[in-house]
Each structure stands twice: as C-alpha cells, then as structure tokens.
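The primary structure of each chain is shown beneath.
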Amino acid sequence: MSHRFWPITLPGLALGAGLAFLASLPAAAQQMQMMPPSQAELIRSLLPTVVNITSFVTATQATATMNVANVPANQDPSHPQTLQGSGFVVDPSGVIATNNHVVAGAYDIEVMLSDGTRAAGRILATSPRIDLALVKIDTKQPLAVVRWADSDRVQIADPVFAIGNPLGVGLSVSAGIVSALNRNLMDTPYDDFIQTDAAINHGNSGGPLFNGRGEVIGVDTAIISPTTGSVGLGFAIPANDAQYCVTQLLRDGNVRPGYLGMKIEQVTPDIAAALGLRAPMGAIVSEIHAGGPAATAGLRTGDVILRYDNRTPPDERALMRAIAKSTIGQAVPVTMLRGGQAQTLRVTPAEWPGTVTTASAASGQTPTPAVLVPPNLGLNLDVLTADLRAQHGLHMQQAGVLVGGVAAGTDAFDRGLAPGDVILHVQDTDVGSPEEVQSAIDAARREHKALILALVLPKVQLAPGPHWIALRVSGQ
C-alpha cells in the first residue's frame with residue numbers, strides 16, 4: 001500500500017469513524033497519565049494558548065485543500081464544507097497563527113478558545129509558500145500567548161507534546177518524542193520538518209508542537225500515512241522558520257524573502273567525484289539569472305557554495321532558507337570553490353521579485369458566496385403516506401413532511417437538507433403538509449425574519465434523532 005502525504009485539515013462532520021478510532025487507541029491518554037504532576041500542570045497551563053479553528057469553504061476550495069477521500073461518504077461533496085484545524089495565540093490582542101491550508105479560501109472563520117468561547121476570525125495575512133497564516137479575533141481581555149523555542153537546539157528523542165483539535169473532537173493533548181530532524185517532504189524548496197511520533201491527525205493542522213518546557217518548537221502541518229489517520233509519522237514546521245514568518249507577517253503584512261537570482265542543487269557523491277572533491281560538500285550553482293544579485297557579485301555557474309554569511313549550511317535547502325532570511329540590501333560573505341580554489345565574494349540580497357505572500361483580509365479571505373433563496377426554499381415536499389414511509393424505512397406512525405428533493409445552489413441545499421429527510425416542526429409548530437411548511441415560511445417573511453428554524457429527522461444520521469437546522473428565507 002502506498003503512503004500518502006496529507007495536510008492535516010479535517011472536513012467537518014467526519015466524527016463517527018474518528019471517535020471509534022480514538023476509542024481503540026488510548027495510548028495518548030496513557031502517556032498523559034504517566035507524566036509527573038509538574039509536567040501535567042505545565043501542559044494544562046498551556047491549553048488557553050491553543051484554539052480550534054473552523055473554516056467554511058466552498059466545495060471547490062475544499063476539494064483543492066483536501067483529498068476527496070477525506071469527504072465523508074454521507075456528505076455530498078458538492079456542498080460547501082467546514083474544515084477543522086488548530087492554531088495558537090502569538091499576540092495577546094487576539095492574533096492566532098495557523099497553517100495557510102487551514103484558512104485558504106475560507107469565506108467565514110470561527111475560532112473557539114479552550115474555555116468554549118467562540119469568536120469570528122478574519123485573515124490578517126498569509127504566506128502560502130511557507131504554509132502559515134495569521135487570523136485575528138476581537139477579544140475583551142488579553143489572551144495568553146505561547147513562548148517560542150530555539151528549534152536549532154532540538155535534538156532527536158527530545159520529549160514533545162502536541163495540542164490541537166484532532167478529528168474535530170476538540171482540544172486534545174498527545175505526547176511523544178522527536179523522531180527525526182530536517183525531513184524533506186518535497187513540499188517546498190525549503191523543507192526542514194521536525195518529525196514526531198506524538199499522535200497528530202487531521203484537525204491538528206496549525207497547532208503547536210511543544211517541548212518539555214512548554215515552548216513551541218514547531219507548527220503541526222502534515223502526516224505521512226497509508227491511510228488518512230496517524231501512524232506515528234507527523235511533521236511540524238520548525239519554530240525558528242515559523243517565528244520568522246509570523247514576525248514579518250505581524251510587522252509588514254507579508255514575508256519578504258531574500259533573493260540572489262541563482263539556482264542551486266546539492267553536491268552528490270557523483271558530482272563530488274566529477275569535481276575531484278574528496279567528499280560531497282556544499283551546493284553547486286546550476287543557473288545564474290542575468291542582472292540578479294549573484295550575477296552582479298560575480299558568482300558563476302559551477303561554483304560550489306560552502307559557506308553563506310559565515311555559516312556552513314548542511315544542504316541546499318538550508319542554504320535556500322538562509323538566503324530567504326537574509327536582510328535585504330545588506331551584503332553577506334559567500335565562500336565558494338571555483339576551479340578547486342576557495343574564494344569569498346560579498347553578495348547583496350534583493351527582495352524576491354515574485355508574488356509569494358497574500359496580505360490583508362480583503363485579499364486573503366474569500367467573500368461569502370451568494371445563495372439562492374426561492375419562494376419555496378428550493379424544497380420539493382410530499383405528504384407522508386404509508387407507501388412513502390415504507391419506501392424510506394420510516395415507522396408507520398412517523399409524522400412530518402417528506403423532503404422529496406432539494407434544488408442545488410440553494411441555502412437549504414448548502415445547509416444539508418437532502419431527499420429522504422423529514423421536516424417535523426417549523427419554528428414552534430408541528431407540520432404535516434407542504435402547505436403548512438410554506439405557510440410558516442411566508443409568515444416569517446411577513447415578519448421580516450431572515451431565518452426560520454426547522455426540526456429535521458435526517459435520512460442519513462450522524463447521531464440518533466432529529467436536529468434543528470436554521471434556513472434562510474430571505475436573500476443576502
């Protein structure tokens with residue numbers, strides 16, 4: 001079975017199988033029980049810094065963000081979707097960091113704090129290339145914020161724990177260790193993921209990975225699994241990269257990466273042998289862009305870069321990250337091999353010429369899609385007869401009005417009404433015919449109400465019994 005790389009956002013409503021799955025895996029709970037009291041107290045003190053994020057996106061955007069296999073079988077993939085993710089507070093005024101793929105294309109965002117408080121969120125700025133975003137909520141009191149760790153000091157086997165919203169069940173804690181460092185998932189040219197065996201599932205996206213001192217060492221971003229669930233291969237963006245991005249997004253509304261105007265690649269053993277090097281080292285320049293900082297400084301194709309800004313990057317991805325974090329306009333020394341001889345040049349990074357970030361709520365957040373509200377709400381309704389009760393598996397005394405069809409693109413369709421559902425009440429009145437439903441709709445319009453409340457017995461039940469659905473009766 002092939003393994004898949006999954007961004008860990010969760011489509012809403014996919015809880016039935018997820019709850020059963022969690023019930024069969026008590027390992028995280030056991031890990032927490034084994035923690036010393038001081039550690040448990042520390043973790044509990046960090047819960048207020050973590051939030052659950054629900055993003056409302058169109059069906060098209062949901063398909064682009066998540067693999068279609070993640071859409072629940074009982075959920076029409078053409079419906080607008082709710083995606084579940086996580087985030088953490090980086091500024092007491094209500095600024096929250098999360099993954100870009102958690103909020104990309106959202107026309108509405110809801111944030112829930114650890115105490116159950118819900119607030120509307122808006123996108124401040126995003127950095128799609130790094131997969132990070134900032135969301136702002138309005139708050140009456142300052143929020144508790146996280147502390148960042150120096151992720152360069154993280155070592156394999158360090159104890160860690162993740163806090164987030166796995167499978168949409170709510171704020172949860174899992175514990176483990178750092179399994180590996182500098183993982184390349186080939187997601188971006190800068191990949192430097194921290195790998196952990198702490199349980200990370202869909203819904204953990206954007207949540208923090210903490211060290212044993214309660215400092216954020218990474219942002220949970222992806223899993224690799226033969227299924228859509230965790231098999232102990234979770235990946236987090238290192239804190240140093242995330243903090244650099246968050247700081248720039250807070251300060252400037254965008255990320256301004258440094259640019260040298262060259263293409264590089266890792267020196268492999270074969271390349272090293274061809275160059276007459278005793279061992280693979282550095283990154284070789286494969287292209288120089290005319291007029292760019294590298295060309296201006298005198299770098300050439302075939303140069304092997306060994307040091308950048310007085311540091312020795314371990315691989316070409318580390319060199320690219322160092323270039324991206326360079327101060328624009330400030331010259332840095334670059335040591336390279338040319339013809340077997342070491343030389344040092346000074347190169348002045350410029351700002352990346354391409355569009356790599358999206359700033360401001362206006363450009364980052366999708367407008368709420370228009371919905372159709374026909375006079376009958378787009379509902380084809382039928383009186384429940386004995387034949388229809390038998391056809392739909394209802395008991396012979398079932399009351400209400402049968403939904404025979406729902407027009408696509410309507411508010412009722414978007415809110416989940418489907419053929420086979422039974423409408424039991426509208427507002428506070430029992431209904432037994434299509435005319436009674438329409439009468440309640442018309443009455444609400446005369447009273448200038450925007451919504452009515454319908455008690456519905458769904459054909460496909462995620463939980464036993466009927467549930468209330470608010471339906472729009474006037475257009476937006």
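Not measured: the values here are computed from a predicted model.

Visitor: How should the overall build of the chain be read in this particular structure?
Guide: The secondary structure content of the chain amounts to 13 helices and 29 strands. When the 476 residues of the chain are sorted by exposure, 48% land in the buried category. Contacts in the chain between residues far apart in sequence, at least 24 positions, make up 65% of those at least 6 positions apart. Of the roughly 22,000 Å² of accessible surface on the chain, a fraction of 55% belongs to carbon and sulfur atoms.

Visitor: Before we go on, may I ask you to explain the packing of aromatic side chains in this structure?
Guide: Within a pair of aromatic rings, the relevant descriptors are the distance that separates the centres and the angle that separates the planes. According to the stated counting rule, one finds four aromatic pairs in the structure shown. Here the aromatic rings of phenylalanine 88 and tryptophan 148 are separated by 5.7 Å at their centres, their planes lie at 75 degrees, and the arrangement is edge-to-face. Of this pair, phenylalanine 88 sits in strand 4 (residues 81-91) while tryptophan 148 sits in strand 9 (residues 147-148), and the two are 60 residues apart along the sequence. Judged by centre distance (5.3 Å) and plane angle (80 degrees), the rings of tyrosine 259 and tryptophan 352 are edge-to-face. Here tyrosine 259, found in strand 16 (residues 258-259), pairs with tryptophan 352, found in the loop between strand 22 (350-351) and strand 23 (358-359); they are 93 residues apart in sequence, far enough to count as distant. By relative accessible area, which is 16% here, tyrosine 259 ends up buried.

Visitor: Explanation requested: the pattern of salt bridges in the structure shown.
Guide: Oppositely charged side chains can form a pair if their charged atoms are brought close together. Summed over the entire model, instances satisfying the criterion amount to 15 salt bridges. The salt bridge involving arginine 321 is made with aspartate 192; its shortest N-O contact spans 3.6 Å. Placement of arginine 321 in helix 9 (residues 316-324) and of aspartate 192 in the loop between strand 11 (172-183) and strand 12 (193-196) is noted, with a sequence separation of 129 residues between them. For the pair arginine 321 and aspartate 192, one class covers both residues: buried. One salt bridge connects lysine 449 with glutamate 447, and the closest N-O pair in it is separated by 3.3 Å. Note on lysine 449: relative accessible area 33%, which makes it partly exposed. Judged by relative accessible area, glutamate 447 falls into the exposed class, the value being 52%. The structure contains a network of salt bridges with shared partners spanning Arg122, Lys136 and Asp138.

Visitor: Just checking my understanding: could you explain unusual backbone geometry for this structure?
Guide: Not every positive phi belongs to a glycine, and asparagine 182 is a case in point at roughly 55 degrees. Inspection of the secondary structure assignment puts asparagine 182 in strand 11. Notably, histidine 448 is not glycine yet its phi reads approximately 60 degrees, a positive angle. In this fold, histidine 448 is placed in the loop between helix 13 (434-446) and strand 28 (451-457).

Visitor: What exactly am I supposed to notice about the pairing of strand 6 (residues 108-112) here?
Guide: One face of the sheet, then the other: side chains in a regular strand alternate in exactly this way. Taking every second residue as pointing to the same face, the buried face of strand 6 carries Ile109 and Val111, while none of Asp108, Glu110 and Met112 on the other face is buried. Both strand 3 (residues 50-57) and strand 6 contribute to a ladder of five bridges, which runs antiparallel. Note on strand 6: the bridge partner recorded for serine 55 is isoleucine 109. For strand 6 and strand 7 (residues 118-127), the ladder comprises four bridges, and the chain directions are antiparallel. Note that in strand 7 the partner of valine 111 across the bridge is alanine 119. Here strand 6 folds back onto strand 7 in antiparallel fashion, the turn holding five residues, of which glycine 116 has a positive phi close to 95 degrees.

Visitor: Would you mind showing me how to read helix 9 here?
Guide: At 3.6 residues per turn, the α-helix brings residues three or four places apart onto the same side. The element helix 9 is largely enclosed, with a buried count of seven among its nine residues. Along helix 9, the residues that are buried comprise Glu316, Arg317, Ala318, Leu319, Arg321, Ile323 and Ala324. Considering only its buried residues, helix 9 is in contact with strand 11, helix 6 (239-252), strand 16, strand 17 (262-266), strand 18 (283-288) and strand 19 (304-308). For helix 9, the capping residue at the N-terminal end is aspartate 315, with a side-chain oxygen 3.1 Å from the backbone nitrogen of arginine 317.

Visitor: What is the right way to look at the sheet that holds strand 21 (residues 341-347) in this model?
Guide: For sheets, the rule is that strands pair by backbone hydrogen bonds, running either parallel or antiparallel. With respect to topology, five strands assemble into an open sheet ordered 17-18-19-20-21, the strand pairing being antiparallel. Pairing within the sheet leaves two strands with one partner each, and these edge strands are strand 17 and strand 21. Neighbour-to-neighbour, the strand axes of the sheet open up by a mean angle of 40 degrees, direction not taken into account. The pairing of strand 18 with strand 19 spans two bridges and is antiparallel. Across the sheet, isoleucine 284 pairs through a bridge with valine 304, a residue of strand 19.

Visitor: Just checking my understanding: could you explain the nonpolar core for this structure?
Guide: Nonpolar side chains in soluble globular proteins generally cluster together in the buried interior. One finds Val90, Leu134, Phe161, Ile163 and Phe210 to be the most contacted residues of the largest nonpolar core, which totals 28 residues. Looking at this core, the elements that each hand over two or more residues are helix 3 (37-46), strand 4, strand 5 (95-98), strand 8 (132-137), strand 10 (159-164), strand 14 (215-225), strand 15 (234-238) and helix 6. Counting residues per element, this core draws most heavily on helix 6, at four residues. Setting aside chain neighbours within four positions, we find phenylalanine 161 in contact with Gln39, Ile43, Leu46, Val173, Ser174, Ala175, Pro208, Leu209, Phe210, Asn211 and Gly214. The next biggest cluster of nonpolar side chains, apart from the first, holds 23 residues, and it includes Val406, Phe413, Ile423 and Ala454.

Visitor: Help me out: how do you make sense of helix 13 in this one?
Guide: When the terminal C-alpha atoms of helix 13 are compared, their 19 Å separation across 13 residues agrees well with the 18 Å that a helix rising 1.5 Å per residue should span. Inspection of helix 13 places Pro434, Val437, Ala440, Ile441 and Ala444 among the buried residues, and these make up the whole buried set. For helix 13, the buried positions fall inside an angular range of 130 degrees around the axis, keeping them on one side. Opposite its buried face, helix 13 presents the exposed residues Glu435 and Arg446, each directed more than 90 degrees away. Residues of helix 13 that are buried sit in contact with strand 24 (379-383), strand 25 (401-406), strand 26 (422-426) and strand 28.

Conventions adopted
- Residues numbered from 1 in each chain as written.
- Predicted model: local features only at pLDDT ≥ 70, side-chain atom pairs only at ≥ 80, totals over all residues.
- Heavy atoms only, no water.
- Helix = DSSP H or I, 4+ residues; strand = E, 2+ residues; numbered from the N terminus.
- Buried < 20%, exposed > 50% of the residue type's maximum accessible area, 1.4 Å probe, protein only.
- Contact = heavy atoms within 4.5 Å.
- Areas by Shrake-Rupley, 256 points an atom, 1.4 Å probe, with all protein chains shown as cover.
- Phe/Tyr/Trp six-rings, centres within 6.5 Å; stacked < 30°, edge-to-face > 60°.
- Salt bridge = Lys/Arg side-chain N within 4 Å of Asp/Glu carboxyl O.
- Pairing = 2+ DSSP bridges.
- Polar contact = N/O pair within 3.5 Å; in protein donor to acceptor, adjacent residues only side chain to side chain.
- Axes fitted to C-alpha atoms, helices over the stretch in contact; angles between N-to-C directions.
- Core = buried A, V, L, I, M, F, W, Y, C linked by side-chain atoms within 4.5 Å.
- Expected span 1.5 Å × (residues − 1).
- Arc of directions from axis to C-beta.

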